[in-house]
Amino acid sequence: MPNAPPPKDKVVLDKPTFCGTITEARVSARERRERKPQPWAVRKLMVLVTLGIMGYTAYVYAGRFAVRLMSGGRRPEGIGLLVGWSILYAWMLWAYIKVILTPPGNARDYVSQSPQPLLPPQQWAPHDAYRNGDGTNSFEFESFDSSLADIQTGRIGGPAYAELPAPPPPAAHGSAPNSNAPHAPNGVSPSNGELPPPATARRPSAGRRHSSRSRRREGGGGGGRPRGRLPPPAPLLPAHRYCTRCSIVKPYRAHHCRVCGTCILKFDHHCPWIGQCVGARNHKFFLAFAYATAIFTIYTFGSLLAFNVRDGGGVGETDVDPQEVVIIALAALFALFTLTLGAEHTRLILLSQTTVESLGIKRVKARDSAGLDAAGLGCWQVGAKRRALASYDAEWGAPDTEGNVWWAGSARAGWEDAMGRGGRGGLGWVFPIGAPLGDGLHYVPNPRFAPDGRPRRRAEWPEELR
Ligand SMILES: [Zn+2]
Ligand SMILES: [Zn+2]
């Protein structure tokens, strides 16, 4: 089988028109822009900006504020404030240097290039509630090109609301639910990375990406009774994990970063502030930096504001130093930002989710709620909604944990995978020391999912997990 890249959607005009030519040029320019990774220097520019902000903060706090306090007859107070501030500043700088110097983990360093694997035929027979209407039985999951879709749309598991298959007949799926044992009808193990092309094997096509969006618009499916939850499948088969840009089968949870132009292990997001991605290897340092910055900015904001309010700009002066006002505003802004960031990432790590993966789960919840609204449940019917959601959870499991294909089984397991064991007194969970427990390459999918990544109803779960 030839392994040419799948044809991409292209704007083709029957008759060239003025507006059409402009549109075509704009579309191809956008495609070029989106496909090209950012130059290294541009990516790292924000690191210089960040260091610049830190340097300016030091100048204003130590060089202006503290000096003025000390020279104005408040030496002990000035020294005390400055010592505390310097410790927090050093902590933040240390965490920052650690996170910008620790690579997130580049998938290409661990996986060699290979041709695109093919999908075994009839992998997932869809339950065709509202399919294309042409009688095709190709589950839309096939059209998911994760290397194109995952960053911008946040879709982790293919089309979020593609119709799910009905409970599979026991002969096809029920034999070994809790193992990576051969599952596909042709006896090919989905976990071994290579799928020999059967006679009717198909390549995942890049087309029809629009159809999941049009389905999403259908929301809960109109009035009447709620249609129930449609959890998204997860791309576990090698054919679904193939990155056409890097020409590799991505390890579990790796995604392609468009900015860096490469696949990142356990990709969380691309962070402009650190000039690189947050991934398996540096997520813990990213969180340590968020913690340190939150505490540092709160200290800076609090002490500057308190002394300025009390003294009206400093000892013996009536005017407020405008440079201190700038730092007060910046500190407030970054305190809010890093507090939110730190809290959110703590929550995600405890739930064994990356930012990308959490978007898929959020979408499940949003759709649940849209479906209930569409079914006529008003916002005041809190109890009825709660009961409906509980019935969905009873059928599919709680979205954040049981319905999360990467749920590590416990909050602690998820935390240690990203944050390490913490060392003595858990210092490694707060300070930028130690290493994560997970290597970013090996993850065991939630056994509640089928080996190919299809979410299963509770009744189909391994018995001990129901
Ligand atoms: Zn890639
Ligand atoms: Zn990146």
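Residues numbered from 1 in each chain as written. Chains lettered and ligands numbered in written order. Predicted model: local features only at pLDDT ≥ 70, side-chain atom pairs only at ≥ 80, totals over all residues. Heavy atoms only, no water.

Peer 1: Can you explain the coordination of the zinc ion (ligand 1)? Please cite residues and give values.
Peer 2: Coordination of the zinc ion (ligand 1) by the protein comes from Cys-243 (SG), Cys-246 (SG), His-256 (ND1) and Cys-263 (SG), over a distance range of 2.0 to 2.3 Å. If you look at the zinc ion (ligand 1), its four donor atoms make angles of 103 to 122° with each other, and the shape they trace is tetrahedral. Read from N- to C-terminus, the donor residues coordinating the zinc ion (ligand 1) fall into the pattern C-x2-C-x9-H-x6-C. Remark: Cys-263 occurs in strand β4 (residues 262–264) and Cys-243 occurs in strand β1 (residues 242–243); sequence separation between them is 20 residues. Per residue, the accessibility class of Cys-243 equals that of Cys-263, and both read buried. (Donors = N, O, S within 2.8 Å, 3.2 Å for Na, K, Ca; no water. Tetrahedral: all angles 85-135°; square planar, octahedral: opposite > 155°, others 65-115°. Helix = DSSP H or I, 4+ residues; strand = E, 2+ residues; numbered from the N terminus. Buried < 20%, exposed > 50% of the residue type's maximum accessible area, 1.4 Å probe, protein only.)

Peer 1: How would you summarise the environment of Ala-435 if you had to cite specific residues and measurements?
Peer 2: Counting through the fold element by element, Ala-435 comes out in the segment after α11 (411–419). Taking the C-alpha atoms as reference points, Ala-435 and Glu-416, 19 residues apart in sequence, are found 9.6 Å from one another. Apart from the residues within four sequence positions on either side, Ala-435 is in contact with Lys-284, Met-419 and Gly-420. (Contact = heavy atoms within 4.5 Å.)

Peer 1: Break down the packing of helix α8 (residues 322–350) against α11 for me, citing the residues and quoting the values.
Peer 2: Running from amino to carboxyl end, α8 crosses α11 at an angle of 115°, the nearest separation of the two axes being 7 Å. Between α8 and α11, the angle is such that the two are roughly perpendicular. Taking contact as the criterion, the partners of Thr-346, Ile-349 and Leu-350 in α8 are, on α11, Ala-411, Gly-414, Trp-415, Ala-418 and Met-419. Of the residues contributing to the contact of α8 with α11, the split by class is six nonpolar, two polar and no charged. (Axes fitted to C-alpha atoms, helices over the stretch in contact; angles between N-to-C directions. Parallel < 35°, antiparallel > 145°, perpendicular 65-115°, else oblique. Nonpolar A, V, L, I, M, F, W, Y, C, P; charged D, E, K, R; others polar.)

Peer 1: How would you sum up the UniProt feature "transmembrane region" (unreviewed entry) in the protein? Please name residues and give values.
Peer 2: The UniProt record marks residues 40–62, 82–101, 285–305 and 325–343 with the feature "transmembrane region" (unreviewed entry), using the residue numbering of this structure. Between the first and last C-alpha atoms of residues 82–101 the distance is 28 Å; the span itself is 100% helix and 0% strand. Secondary structure content for residues 325–343 is 100% helix and 0% strand, and the end C-alpha separation is 27 Å. (UniProt positions renumbered as here; feature names shortened; annotations may be inferred.)

Peer 1: Residues and numbers for the coordination of the zinc ion (ligand 2), please.
Peer 2: Looking at the zinc ion (ligand 2), the protein donor atoms are Cys-257 (SG), Cys-260 (SG), His-270 (ND1) and Cys-277 (SG), and they sit 2.0 to 2.3 Å from it. One can describe the donor arrangement at the zinc ion (ligand 2) as tetrahedral, given that its four donor atoms subtend angles of 99 to 118° at the metal. As a motif over one chain, the donors of the zinc ion (ligand 2) read C-x2-C-x9-H-x6-C. Exposure class is identical for Cys-257 and Cys-260. Each is buried.

Peer 1: Help me get a handle on the environment of Arg-75, residues and values and all.
Peer 2: Within the element layout of this structure, Arg-75 appears in helix α3 (residues 75–101). Arg-75 gets classed as exposed once you look at its relative accessible area, which sits at 53%. Setting aside residues up to four positions removed in sequence, Arg-75 forms contacts with Leu-69 and Met-70.

Peer 1: Can you break down α11 residue by residue, with the values?
Peer 2: Because an α-helix packs 3.6 residues into every turn, residues spaced three or four apart end up facing the same way. Buried residues of α11: Gly-414, Trp-415, Glu-416, Asp-417, Ala-418 and Met-419, and no others. Buried-residue contacts for α11 involve α7 (283–311) and α8. With its phi angle positive at about 80°, Gly-420 sits one or two positions after the end of α11.

Peer 1: Quick one: what's the story with the pattern of salt bridges, residue by residue and with numbers?
Peer 2: In the structure shown here, the tally under the stated rule is 15 salt bridges. Here Asp-368 ties to Arg-229 by a salt bridge, and the two come within 2.8 Å at their closest N and O atoms. Taken together, the residues span a long stretch of sequence, with Asp-368 in helix α9 (residues 355–374) and Arg-229 in the loop between α6 (210–217) and β1 at a distance of 139 residues. The two residues Asp-368 and Arg-229 agree in class, both being buried. Here Arg-412 ties to Glu-416 by a salt bridge, and the two come within 2.9 Å at their closest N and O atoms. A residue pair is termed a helical-turn pair when its members lie 3 or 4 positions apart in one helix, as Arg-412 and Glu-416 do in helix α11 at four residues. On the basis of relative accessibility, which here comes to 9%, the residue Glu-416 falls in the buried class. It is possible to trace a salt-bridge network through shared partners that takes in Arg-229, Asp-368 and Asp-393. (Salt bridge = Lys/Arg side-chain N within 4 Å of Asp/Glu carboxyl O.)

Peer 1: Lay out the packing of aromatic side chains in plain terms, naming residues and giving numbers.
Peer 2: The geometry of an aromatic ring pair is captured by the separation of the ring centres together with the interplanar angle, meaning the angle of the planes. One pass over the full model with this rule turns up 15 aromatic pairs. Their ring planes at 75° and their centres at 5.9 Å tell us that Phe-65 and Phe-307 sit as a pair that is edge-to-face. Residue Phe-65 is located in helix α2 (residues 40–71), and its partner Phe-307 is located in helix α7; the two are separated by 242 residues in the primary sequence. Overall, the relative accessible area of 4% leaves Phe-65 in the buried class. Since its relative accessible area comes to 12%, Phe-307 is described here as buried. By the ring-pair criterion, three or more aromatic residues cluster together here, those being Tyr-61, Phe-65, Trp-85, Tyr-89, Phe-296 and Phe-307. Stacked on the ring of Tyr-443, the Lys or Arg Arg-253 has its end atom at 4.9 Å from the ring centre. Taking the ring centre of Trp-461 as reference, the NZ or CZ of Arg-448 above it sits at 5.3 Å. (Phe/Tyr/Trp six-rings, centres within 6.5 Å; stacked < 30°, edge-to-face > 60°. Lys NZ or Arg CZ within 6 Å of the ring centre and 35° of its normal.)

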